[in-house]
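Each chain is listed here by its residues.
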Amino acid sequence: MEKIALTNKKQSKEDVLQQRLLKERGEIPEHIAVIMDGNGRWAKERNRLRIQGHKAGVESVRDVVECCAQLGVGHLTLYAFSTENWRRPKAEVSALMKLLIQTIRNETLSLNKNDIRLNAIGELNRLPAICLKELKEGMEMTKDNTRMVITLALSYSGRWDIGNAVKSISEQVKQGVLNVDNINDELISRHLSTRDMPDPDLLIRTGGEFRISNFLLWQSAYTELYISQKYWPDFRRNDVYTAIETYQNRERRFGMISEQLPQGQKEKAASSV
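Rules used throughout
- In this numbering scheme, every chain counts its residues from 1 along its sequence in written order.
- This being a predicted model, a pLDDT of at least 70 is required before a residue's local features are given, and a value of 80 or more before pairs of side-chain atoms are given or counted; all residues contribute to the totals for chains, interfaces and linings.
- The side-chain figures draw on all heavy atoms in the structure; neither hydrogens nor water molecules are used.
- Whenever a carboxyl oxygen of Asp or Glu lies within 4 Å of a side-chain nitrogen of Lys or Arg, that contact is scored as a salt bridge.
- Convention adopted: a line fitted to C-alpha atoms gives each axis, helices being fitted over their contacting stretch, and angles between N-to-C directions are expressed from 0 to 180 degrees.
- Numbering of helices and strands runs from the N terminus; a helix is a DSSP stretch of H or I covering at least four residues, while a strand is a stretch of E covering at least two.
- If an angle is under 35 degrees, it is roughly parallel; if it is over 145, roughly antiparallel; if it lies from 65 to 115, roughly perpendicular; otherwise it is oblique.
- When the near helix sits turned anticlockwise from the far one by under a right angle, the crossing is termed left-handed; a clockwise turn instead gives a right-handed crossing.
- What makes two residues a contact is simply this: any of their non-hydrogen atoms within 4.5 Å.
- Asp, Glu, Lys and Arg are counted as charged, while Ala, Val, Leu, Ile, Met, Phe, Trp, Tyr, Cys and Pro are counted as nonpolar; the rest, among them Gly, fall into the polar class.
- Only protein chains enter the accessibility calculation, which uses a 1.4 Å probe. A residue is then buried if its area is under 20% of the maximum for its type, exposed if over 50%, and partly exposed in between.
- In this analysis, strands are considered paired if DSSP registers two or more bridges between them.
- For a helix, the expected span equals 1.5 Å multiplied by the residue count minus one.
- The term polar contact refers here to a pair of N or O atoms within 3.5 Å; inside protein, the definition further demands a hydrogen-donor-capable atom paired with an acceptor-capable atom, and it admits residues adjacent in sequence only when both atoms are side-chain atoms.
- Definition of nonpolar core: a set of buried residues of the types Ala, Val, Leu, Ile, Met, Phe, Trp, Tyr and Cys, connected through side-chain atoms within 4.5 Å.
- Comment: arc refers to directions from the helix axis out to C-beta atoms.

Student: Describe the pattern of salt bridges, and please don't skip the residues or the numbers.
Tutor: In this structure the tally under the stated criterion is 20 salt bridges. The salt bridge partner of Asp37 is Arg41, with a shortest N-O separation of 3.1 Å. Here the salt bridges do not stand alone but share partners, grouping Asp37, Arg41, Arg205, Glu209 and Arg211 into one network.

Structure (structure tokens):
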């Protein structure tokens, strides 16, 4: 399948080299999650409408999706609209839904030609019917693609996700098909909306805020966090490279001490410093 640039720009030789060096330098995260924050503040500082900030952020999405696919990232999850975002002014929510419809309609063909699968998690039944229709059509068109999975977290809440898992597990206990003593971390993970993907290795948040805002709460227990001061519309592939370099410099101990880590992991961490 012929690959086309999502950004409509030819990849430079310098960028190809930069990606190669990044791969040689250390491990590329299998799953990157992103809280795309700062669209409204970006627009406000430029005396523009908030929706113009969201529209500008679409260019960042294209560039980040493209570079992650080129790097070999397996899963990219974007926090596009939280459950709490429904509380925003109706005019802004309506404009965001229209932008979502337009973006999915415009980008699905490029995703498909680049062997990228579109996925979505969240309370999708709360989305407008036309929005849900476009989303389902995009997911159906790209369902067999294997290069990378891009997941849109829409009307999503980490607490909602965990609550749904608790309800599902409780029902199985009630029906007598599950013993309460068999409930463990692995079982809970299998009942989350992210059951078909690994937990995030790296969580990037733009806009300079130091919180995860109800995003992938269970899944991010041992995720490495990277906070960028840039607003999302200004965030581009070079910023992704910086985030990955920071990730490569960290020693992921998962509750253990350094001496307990496999030798290969310790050597990798030491060599990336």
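Structure's up, so let's keep going.
Student: Explain the packing of helix 1 (residues 13-25) against helix 3 (residues 50-71) residue by residue, including any values.
Tutor: Across the interface, helix 1 lies against helix 3 with an axial gap of 10 Å and an inter-helix angle of 55°. If you check the angle between helix 1 and helix 3, you find them oblique. Judged by the sense of rotation from one axis to the other, the crossing of helix 1 with helix 3 is right-handed. Note on element contacts: helix 3 touches helix 1 through Cys67, Gln70 and Leu71, opposite Asp15, Gln19, Leu22 and Lys23. When the residues that make up the contact of helix 1 with helix 3 are grouped by side-chain class, the tally is three nonpolar, two polar and two charged.

Student: Kindly report on the pairing of strand 4 (residues 148-156), identifying the contributing residues and their values.
Tutor: Buried residues dominate strand 4, accounting for nine of its nine residues. Both strand 2 (residues 75-82) and strand 4 contribute to a ladder of seven bridges, which runs parallel. Bridged to Leu78 within strand 4 is Leu152. As paired strands, strand 3 (residues 116-121) and strand 4 are joined by six bridges and run parallel to one another.

Student: Requested: an account of the pairing of strand 2, with residues and values cited.
Tutor: In terms of residue burial, strand 2 counts as a mostly covered element, since seven of its eight residues are buried. By the bridge criterion, five bridges tie strand 1 (residues 31-35) to strand 2 in an arrangement that is parallel. Within the sheet, the bridge partner assigned to Ile32 lies in strand 2 and is Leu76.

Student: Before we move on, could you go through helix 8 (residues 237-248) and cite the residues and values that matter?
Tutor: Since there are 3.6 residues in each turn of an α-helix, residues three or four apart along the chain are aligned in direction. Between its first and last C-alpha atoms helix 8 spans 16 Å; for 12 residues at 1.5 Å apiece the expected length is 16 Å, and the two agree. For helix 8, the full list of buried residues reads Arg237, Asp239, Val240, Tyr241, Ala243, Ile244, Tyr247 and Gln248. Where helix 8 is buried, its residues touch helix 1, strand 1, helix 3, strand 5 (202-205) and strand 6 (224-227).

Student: Now, about the packing of helix 1 against helix 8: what can you tell me, with residues and values included?
Tutor: In contact at an axis separation of 10 Å, helix 1 and helix 8 are set at 15° when each is read in the N-to-C sense. In terms of their interaxial angle, helix 1 and helix 8 are classed as roughly parallel. Seen along the crossing, helix 1 lies across helix 8 with a hand that is left-handed. Counting all contacts with helix 1, which are made through Asp15, Gln18, Gln19, Leu22 and Arg25, the residues of helix 8 involved are Arg237, Asn238, Tyr241, Ile244, Glu245 and Gln248. In terms of residue class, the contact of helix 1 with helix 8 is built from three nonpolar, four polar and four charged.

Student: Go over the side chain of His31, please, and point to the residues and values.
Tutor: Checked against the element boundaries, His31 lands in strand 1. Polar side-chain contacts of His31 include one of 2.8 Å to the side chain of Thr77. The residues touching His31, leaving out its near neighbours within four places in the chain, are His75, Leu76, Thr77, Met197, Pro198, Asp199, Pro200, Asp201 and Leu202.

Student: So, the nonpolar core: which residues are in play, and what are the values?
Tutor: Core analysis: the biggest nonpolar cluster contains 48 residues, and Ile32, Cys68, Leu76 and Leu135 have the highest contact counts within it. Counting residues in each nonpolar core, the second largest holds nine residues, with Ala153, Leu203, Phe215 and Leu216 among its members.

Student: Talk me through helix 5 (residues 129-141); I want residue IDs and the actual numbers.
Tutor: End to end, helix 5 covers 18 Å across 13 residues, agreeing with the expected 18 Å (1.5 Å per residue, within 8%). When helix 5 is considered as a whole, its buried residues turn out to be Cys131, Leu132, Glu134, Leu135 and Gly138. The buried residues of helix 5 occupy an angular sector of 160° when the element is viewed end-on, so they sit on one face. Residues of helix 5 that are exposed and angled more than 90 degrees away from the buried face: Ala129 and Lys136. Check the buried side of helix 5 and you find it contacts helix 4 (90-113), strand 3 and strand 4.

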